[in-house]
Amino acid sequence: MSSEPSIFFSDPNERQGSFLRRTLVVGGLTALGVMGLGLRLGQLQVVQAREFATLAAENQFNFRLVPPPRGLIKDRNGVVIAGNRPSFRVLVVRDETKDLDGTLDLLGRLLPDTLERRRGIIRDVNAAPRFTPVPVKSDLTWDEFARVNLYANELPGVMADMHEARFYPHGGAFAHVVGYVAKPNARDVEAYREAGEEVPTLLFNPSFRIGRQGIERSLEDRLRGEPGGNRVEVDARGRVVGEDAENSRPPVPGEEVVLTLDADIQNKALEVFGEEAGSCVVMDVRNGDVLCMVSAPSFDPNLFVSGVPTSVYRAWADYERRPLTDKAINGVFAPGSTFKPVTGLAALVRGANPDRRITCTGGFYLGRRFACHATHGSQDMRDAIKNSCNVYFMQLAVEMGPDAIAEVARTMGFGQTFDLGIGNQNPGLVPDTGWRRRNPVRGDGKWYPGETPSYAIGQGALTVNALQLAVYTSRLANGRKAIQPRLIKSIGGREQPPAGDVRDLPYDPALLAILREGMNRVTDVGGTGFRNSQLGLGAVRMAGKTGTAQVRNYGTGSRKSNVWSQKDHNLFIAYAPIDEPRYAVSVIVQHGGMGGGTAGAPRAREVMKVALLKDPDIRRRIEQSGFADTEDPGSHEANALGAAGPQGAPAPATEEAPPAAGAQPASTSEAPQ
Amino acid sequence: MTASALTRPGERDRLSVKVREIDWTLVVLLSVVAGVGVAMLYSIAGGEWQPWAADQLVRYSAVLVMALVLALVHPKWWFRAAYPMYGVLLVLVLMIEFTPLGYVAGGARNWLNLGFIRIQPAEFMKLGLVLALARWYHNHTAQEARLSWKLLIPAAMIGLPFLLVAKQPDLGSAMIIGLTGAAVMFVAGLSWKIIVPTGVLAAVGTPLFVIFGMHEYQRNRVLTFLDPTKDPSGTGYNIIQSKIALGSGGFLGRGYGLGSQSQLEFLPERQTDFIFSTVAEEFGFVGSFSLLICYAAIILIGLRIASLSHSHFGRIAASGMVAFFALFVLINGAMVMGLAPVVGVPMPLLSYGGSSMMTIMFGFGLVLSTRVHRYSELPKGHGLF
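Every value quoted in this text rests on a predicted model; they were computed, and no experiment measured them.

## Focus: the overall build of chain B
Along its length, chain B carries 15 helices and three strands. The 385 residues of chain B split such that 56% are buried. Of the accessible surface of chain B, which amounts to about 15,300 Å², a share of 70% is contributed by carbon and sulfur atoms.

Structure, rendered in structure tokens:
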């Protein structure tokens, strides 16, 4: 440069001068460029360093959600009703498979049944977020599990692991009351959004199940628990390269729920229904604990855990006996004659004399004839309950009107839902004149006198469910307290008090005792429930009341039908022991056929026996008193029959159905006043 | 004893003098950069010499020796070899396109399999182009270099390989070829009357080319550069991850071998195009800025060597080489920092890869040779063609 000799007029030097100027420009530009890069580095590495450090940590560390074990549900004795069992499953991670089709082909060779569900699997896998494992098959056998693990190297993106699946060891016995869990769906996610809450990430975990019915649903928040997190170091492909135990936290298991139910009674109750439809509720009359709440037929809730095959679900939904409906609290039926004690109580409360005798001539007349199922002759209230005489109670009802009956019916537990801790209760209907005004039949909203006789015997608009019947029986049997049912015994070890404050019934216990006397006679010799209500436990006896609810107008035809849906509902309520009541049972056999004594009573008896025999006090009593000093029911019956003969009750009144129209002797007497 | 214009005749041709005249500062700087590269390759392999570090070290050592040997070769030989070399390389590039010897890797047909060796002729083409242009300008006057119809010849010399390589399509290499050629024409004295309109044309034409002339994947790269968050798991992933790597390095870095972005493979192409991000992550602003300073020093030393040459061929060739190197540095730097679209341009000497390193070091052999022989004049018109 300056040290070089310069000759300005020659071309080479003009070239050199221009080159030097241009090189200076290039050097300047380069310096500028490098400075620009340096500034950018400063911006990224000094100014925004913290922000990017966070992003890098998010890349590097992942919280792997650890689903919490769902809280156990146990019965009152600690028997597990809903538990968790280990299950082997196979999962596929789409982004780790090189070729999903090829992988599924290989997997199909190991697990042939995945081939059939292939389209569904591909849909699920493609719908899942990046790097989220999608279960393709659960409940592998050990052999299958071992096989998949053996070929793991040839199956990138496929893994087999063990998780906890909900398990209902008693199958269908608790299906309605405990409910079941199932895979969360879009509506569950939507529900959170609508409530304005953040959707928990747990919902998207492949092994998470959400409560769908009964206790599983109503106590979802308590049973679910808190998911834990495993802080793991991952590489770009999402593979775990290390664990950060310090910053991981274990899941908090869901709380344990103990119910007042007793698994033995519950299982027995479902068993005695056989293929019949209906429901059975057992309560402790002293404290309201619900010992049994069964709806039959039932279904296997375990199928919902892994997903019910559509064909099975359709079969359940289409079956006319409605296995999916909870008949214990959601199915309502006319109570039939089991309602008669209510009518009796209503009359007693209004000052009626229980010793008043009313003559049954086989029918009651009020505009038209209301048939009785027999001609009972003259009888007092106790015998009217024993014989389930329609005429007697129709007479009382007509005298006091529907509102008096409705008031007592409500006090005894009808027409309402209870704070059981599960929803889906149908309160049924207790009609009165006010209700009729709101729901007029003929426009004027008047309660027609002709409706009252039906009301007296538990027919007409009146509907109740099995739980209400059990509450009503408990209150009758308790004689003093307005017992409230309790289903949840404790949650997470904290005892749950019975719902609502237990007040005394607003009635004189002596009046209830009169009704109990009547019910005691129902199961005694000559009563409508005698034949099928003998416990065979010596001095420990059961009292009850039969009921038959007609489901259609027979017209002039026979009430007998071989078509299931045309048969009468068959009900029975009972309590035991007679002298010191402890347990109340209500049984509804949907379309059970003829007379409450035939279908309801034997079922109530079997269930009651289990309840009684599980009670140590009762057991001791049976063992101590023995069977020797009890009378032979057969001889008792023979004596009683002899005595009853002259009173004009010839037929053994095991049925309360009115005789067929042709057999009905023409009656000339007016309805007794 | 340093050589000067007044050194006795013959003295400069002595081997010992020549070796002394090699710019050892430059050699050390180049080796430092290459050494950092080897260290990073060792780090990202998880502290293993395999699969990259050992390879790279051996390669660098080999090409460094070659570069030092080339530094002793008199520029006249470079001068004579310029056109034949350019011709042979052009044939090789054509062979990729028109014979089955070319094969596809990474979306572009830019490799040539000669049986005994696989090369990327486009890499060497840059060197050949610089030499050929230097020879052409050496033989022409300032006036011709500034503004004349003869300039169509160097333009064609640049345009031919540019189009062929762009067609492969190896946009990064084509861009480097074009820009290197442009830089050579610029330093050779191209008139502003051409520079300004061409610049304007490029400014207008580039967006049009992006929209109509590009392959899908290339357009995606450009579009994602404009908004990397649009496709964070696809093409924008590279840019986002690279910025995270840079930023998380902070001022002092996360420590050697401790960069989570590179160690856990979040950073794509971390051993090649994005190796600078690895340096920045593990050594922080201090390390990466120092590295940039090294690069800047290499470039400025190179330009000074070019300006010291007594022959126009040496000036043009050396400055072309340095411009070529500077373009690599600036484009790769801008790319990893999210200032430019992701184009396949490696960071010279730092990135893993043989062809590019060989080209660069041959080029610096030329630069060193220009420095060693800076007093030698070259007559016009000599050559094999």
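## Considering the interface of chain A and chain B
Across the boundary between the two partners, chain A contributes 40 residues, which contact 60 residues of chain B. Summing both sides of the interface, chain A and chain B together bury roughly 4,100 Å²; the carbon and sulfur share of this comes to 67%. The largest per-residue losses of area from chain A upon contact with chain B belong to Arg15(A), Phe19(A) and Arg22(A), which jointly make up 19% of the total buried on that side. On the surface where chain A and chain B come into contact, there are one salt bridge. Residues Arg146(B) and Glu14(A) are paired through a salt bridge, measuring 3.3 Å at the closest nitrogen-oxygen approach.

## Concerning the pattern of salt bridges
Applying the stated rule across the entire model yields 43 salt bridges over all chains. In this structure, Asp617(A) engages Arg620(A) in a salt bridge whose closest nitrogen and oxygen atoms are separated by 3.4 Å. Within this pair, Asp617(A) and its partner Arg620(A) are both found in helix 23 (residues 616-625), separated by three residues, close to a single helical turn. For Asp617(A), a relative accessible area of 35% corresponds to the partly exposed category. One salt bridge connects Lys126(B) with Glu123(B), and the closest N-O pair in it is separated by 3.3 Å. Residue Lys126(B) and its partner Glu123(B) are both found in helix 5 (residues 121-138); the two are separated by three residues, about one turn of the helix. For the pair shown, Lys126(B) and Glu123(B) are each scored as buried.

## With respect to the packing of helix 2 (residues 24-44) of chain B against helix 3 (residues 53-71) of chain B
Residues and elements named next belong to chain B. Contact geometry for helix 2 and helix 3: axes closest at 9 Å, N-to-C directions at 165°. Classed by the angle they form, the pair helix 2 and helix 3 counts as roughly antiparallel. Between helix 2 and helix 3 lies a crossing of right-handed hand. Only Ala53, Gln56, Leu57, Tyr60, Leu64 and Leu68 of helix 3 make contact with helix 2, whose side of the interface consists of Trp24, Val27, Leu30, Ser31, Ala34, Val38, Leu41 and Tyr42. The residue inventory of the contact of helix 2 with helix 3, partitioned by class, reads twelve nonpolar, two polar and no charged.

## Points about the pairing of strand 11 (residues 277-284) of chain A
Residue and element names in this part refer to chain A. Counting buried residues along strand 11, eight of its eight residues qualify, which places the element largely inside the surrounding structure. A two-sided burial pattern is seen for strand 11, the buried positions comprising Ala277, Ser279, Val281 and Met283 on one face and Gly278, Cys280, Val282 and Asp284 on the other. When strand 11 meets strand 12 (residues 290-296), the two strands line up antiparallel, connected through six bridges. Within the sheet, the bridge partner assigned to Met283 lies in strand 12 and is Val290.

## Some thoughts on the packing of helix 5 of chain B against helix 8 (residues 171-187) of chain B
Residue and element names in this part refer to chain B. Between helix 5 and helix 8, whose axes approach to 10 Å, the crossing angle comes to 15°. Here helix 5 lies roughly parallel to helix 8, going by the angle between them. Of the two elements, helix 5 crosses helix 8, and the hand of that crossing is right-handed. The residues of helix 8 that touch helix 5, namely those facing Ala122, Glu123, Met125, Lys126, Leu129, Val130, Leu133 and Tyr137, are Ser173, Ile176, Ile177, Thr180, Gly181, Val184 and Met185. For the contact of helix 5 with helix 8, a count of residues per class yields ten nonpolar, three polar and two charged.

## A word on the packing of aromatic side chains
Residue and element names in this part refer to chain B. Inspection of every chain in the model, using the stated rule, returns 25 aromatic pairs over all chains. With a centroid separation of 5.1 Å and 85° between ring planes, the pair formed by Phe79 and Phe313 is classed as edge-to-face. Remark: Phe313 occurs in helix 14 (residues 312-336) and Phe79 occurs in helix 4 (residues 75-98); sequence separation between them is 234 residues. Judged by relative accessible area, Phe79 falls into the buried class, the value being 2%. The exposure class assigned to Phe313 is buried, which follows from its relative accessible area of 1%. Taking the centre distance of 5.8 Å and the plane angle of 40° together, the rings of Tyr295 and Phe325 count as tilted. Here Tyr295, found in helix 13 (residues 275-308), pairs with Phe325, found in helix 14; they are 30 residues apart in sequence, far enough to count as distant.

## Remarks on the confidence of the model for chain B
With 93% of its residues at a pLDDT of 70 or more, chain B shows a mean pLDDT of 86. Prediction confidence for the complex, expressed as pTM and ipTM, is 0.66 and 0.91 respectively.

## Overview of the side chain of Ser191(B)
Mapped onto the elements, Ser191(B) comes out in the loop between helix 8 and helix 9 (192-212). Setting aside residues no more than four positions away along its own chain, Ser191(B) makes contact with Arg146(B) and Leu147(B).

## What about the sheet that holds strand 8 (residues 228-234) of chain A?
Residues and elements named next belong to chain A. Spatially, three strands are ordered 1-8-9 in an open sheet, and the strand pairing comes out antiparallel. Each edge of the sheet is formed by a strand with only one pairing partner; in this case those strands are strand 1 (61-66) and strand 9 (240-243). Strand-to-strand twist in this sheet, taken as the mean axis angle between neighbours without regard to direction, amounts to 45°. Summarising the sheet, strand 8 and strand 9 pair through three bridges and their orientation is antiparallel. When the sheet's bridge partners are listed, Glu233 is paired in strand 9 with Gly242. Contacting strand 1 and strand 8, helix 2 (residues 49-60) runs over the sheet at an angle of about 45° to strand 1.

## Regarding helix 2 of chain B
Residue and element names in this part refer to chain B. Helix length check: helix 2 (21 residues) gives 30 Å between terminal C-alpha atoms against 30 Å at 1.5 Å per residue, within 8%. For helix 2, the set of buried residues is Leu26, Val27, Leu29, Leu30, Val33, Ala34, Gly37, Val38, Met40, Leu41, Ser43 and Ile44. Where helix 2 is buried, its residues touch helix 3, helix 12 (260-263), helix 13 and helix 15 (354-372). Taken from the residues just after helix 2, Gly46 is the one with a positive phi, measuring 80°.

## Observations concerning the state of the cysteines
Residues and elements named next belong to chain A. Scanning all chains against the criterion turns up zero disulfides over all chains. Cysteine Cys372 is unpaired, with the sulfur of Cys360 as its nearest cysteine sulfur at 3.9 Å. Free of any disulfide, Cys389 has its nearest neighbouring cysteine sulfur in Cys360, separated by 3.8 Å.

## Section: unusual backbone geometry
Backbone torsion omega between Ala296(A) and Pro297(A) reads -10°, so that peptide bond is classified as cis. Structurally, the position occupied by Pro297(A) is in the loop between strand 12 and helix 12 (302-306). Cis geometry marks the peptide bond from Ala576(A) to Pro577(A), where omega comes out at -15°. Tracing the sequence through the fold places Pro577(A) in the loop between strand 20 (569-576) and strand 21 (583-590). One non-glycine residue, Glu269(B), lies in positive phi territory at about 50°. Topologically, Glu269(B) is positioned in the loop between helix 12 and helix 13. Judged by relative accessible area, which is 43%, Glu269(B) ranks as partly exposed. We note that Leu349(B) has phi near 70°; this positive angle belongs to a residue other than glycine. With respect to the helices and strands, Leu349(B) occurs in the loop between helix 14 and helix 15. Of the residues examined, Leu349(B) reaches a relative accessible area of 1% and is grouped as buried.

Cut-offs used in this document
Residues numbered from 1 in each chain as written. Chains lettered and ligands numbered in written order. Predicted model: local features only at pLDDT ≥ 70, side-chain atom pairs only at ≥ 80, totals over all residues. Heavy atoms only, no water. Helix = DSSP H or I, 4+ residues; strand = E, 2+ residues; numbered from the N terminus. Buried < 20%, exposed > 50% of the residue type's maximum accessible area, 1.4 Å probe, protein only. Areas by Shrake-Rupley, 256 points an atom, 1.4 Å probe, with all protein chains shown as cover. Contact = heavy atoms within 4.5 Å. Buried area = accessible area lost by both parts, 1.4 Å probe. Salt bridge = Lys/Arg side-chain N within 4 Å of Asp/Glu carboxyl O. Axes fitted to C-alpha atoms, helices over the stretch in contact; angles between N-to-C directions. Parallel < 35°, antiparallel > 145°, perpendicular 65-115°, else oblique. Left-handed = near helix turned anticlockwise from the far one by under 90°. Nonpolar A, V, L, I, M, F, W, Y, C, P; charged D, E, K, R; others polar. Pairing = 2+ DSSP bridges. Phe/Tyr/Trp six-rings, centres within 6.5 Å; stacked < 30°, edge-to-face > 60°. pLDDT = per-residue confidence, 0-100. Expected span 1.5 Å × (residues − 1). Disulfide = S-S within 2.5 Å.

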